[in-house]
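Residue-level structure breakdown
Listed here are the chains, written in short residue letters.
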Amino acid sequence: MSKAIRAARLSAAMVAFVAGAAIAATPAQSAYQLARDRGCMVCHEVESSPPGTVEVPPSAPSFEDIARRYRADPSAVDRLAAIVEQGSGPRARDRHWAGKTSFTQMFPNELEVTNEEAREIVGWILTLAPSAATPSKGRQQSSPR
Ligand code: HEC
């Protein structure tokens with residue numbers, strides 16, 4: 001086989017690989033886009049800030065922290081999608097992040113999202129942490145320099 005043919009085959013394989021990766025990434029990207037379009041990202045960040053780098057609590061828990069908290073909970077999609085639609089309520093006992101956010105509640109989002117959309121976004125959020133089978137202390141443990 002000539003060098004040129006080999007190079008052509010290799011680049012065809014690379015194109016196929018890159019295209020495959022793009023297709024695999026599509027659901028997460030579109031769920032992120034949906035979250036952005038529905039206004040979730042006004043309050044939420046995807047990633048948590050490393051400890052020691054922020055002086056005030058974030059407006060809302062990061063999606064990464066939410067994923068860490070609920071990764072072992074098989075009913076999380078149902079419960080969290082309902083909370084997204086109905087809001088969290090202002091009383092501390094109705095909240096799950098009291099003291100960790102500067103906003104004191106999540107308002108209902110039922111005009112912004114359908115139940116299906118809430119489930120799609122929450123399903124994606126829950127993929128943002130390593131699974132319960134491989135617990136990782138992650139950035140919570142790393143000490144800032
Ligand atoms: C006005 C700001 C705001 C907006 C907009 C917002 N959230 Fe929230 N969200 C919050 C706050 C604050 C909390 C923490 C509530 C608590 O303490 O339980 C929260 C909590 C959550 C939780 C975790 C609930 C729990 O009980 O642990 C999820 C999941 C969530 N939000 C998803 C979403 C999604 C999806 C959207 C878009 C449809 C959205 N949020 C829009 C402020 C917001």
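This text follows the structure it describes.
The rules behind the values
- Residues numbered from 1 in each chain as written.
- Predicted model: local features only at pLDDT ≥ 70, side-chain atom pairs only at ≥ 80, totals over all residues.
- Near = placed C-beta within 6 Å.
- Nonpolar A, V, L, I, M, F, W, Y, C, P; charged D, E, K, R; others polar.
- Core = buried A, V, L, I, M, F, W, Y, C linked by C-beta atoms within 7 Å.
- Buried ≥ 20, exposed ≤ 12 C-beta atoms within 10 Å, placed from the backbone.
- Helix = DSSP H or I, 4+ residues; strand = E, 2+ residues; numbered from the N terminus.
- Contact = placed C-beta atoms within 7 Å.

Close to the ligand lie 29 residues; Cys 40, Cys 43, Arg 95, Trp 97 and Met 106 are nearest. Its residues assigned to classes, the shell around the ligand comprises 19 nonpolar, 7 polar and 3 charged.

Our next topic: the nonpolar core. Core analysis: the largest hydrophobic core is formed by 17 residues, its most contacted members being Ala 67, Val 84, Ala 118, Ile 121, Val 122 and Ile 125. Looking at this core, the elements with two or more residues in it are α2 (63-70), α3 (76-86) and α4 (115-125). Examining the composition of this core, we find that 5 residues originate from one element, α4, more than from any other. If we skip the residues at most four places from it in the chain, Ala 118 touches Ala 81, Val 84, Glu 85 and Val 113.

The next point concerns α2. Burial of α2 is extensive: 6 of the 8 residues sit out of reach of the surface. Every buried residue of α2 is accounted for by Phe 63, Asp 65, Ile 66, Ala 67, Arg 68 and Tyr 70. On its buried face, α2 sits against α3 and α4.

No statement about biological role is implied by the geometric values presented.
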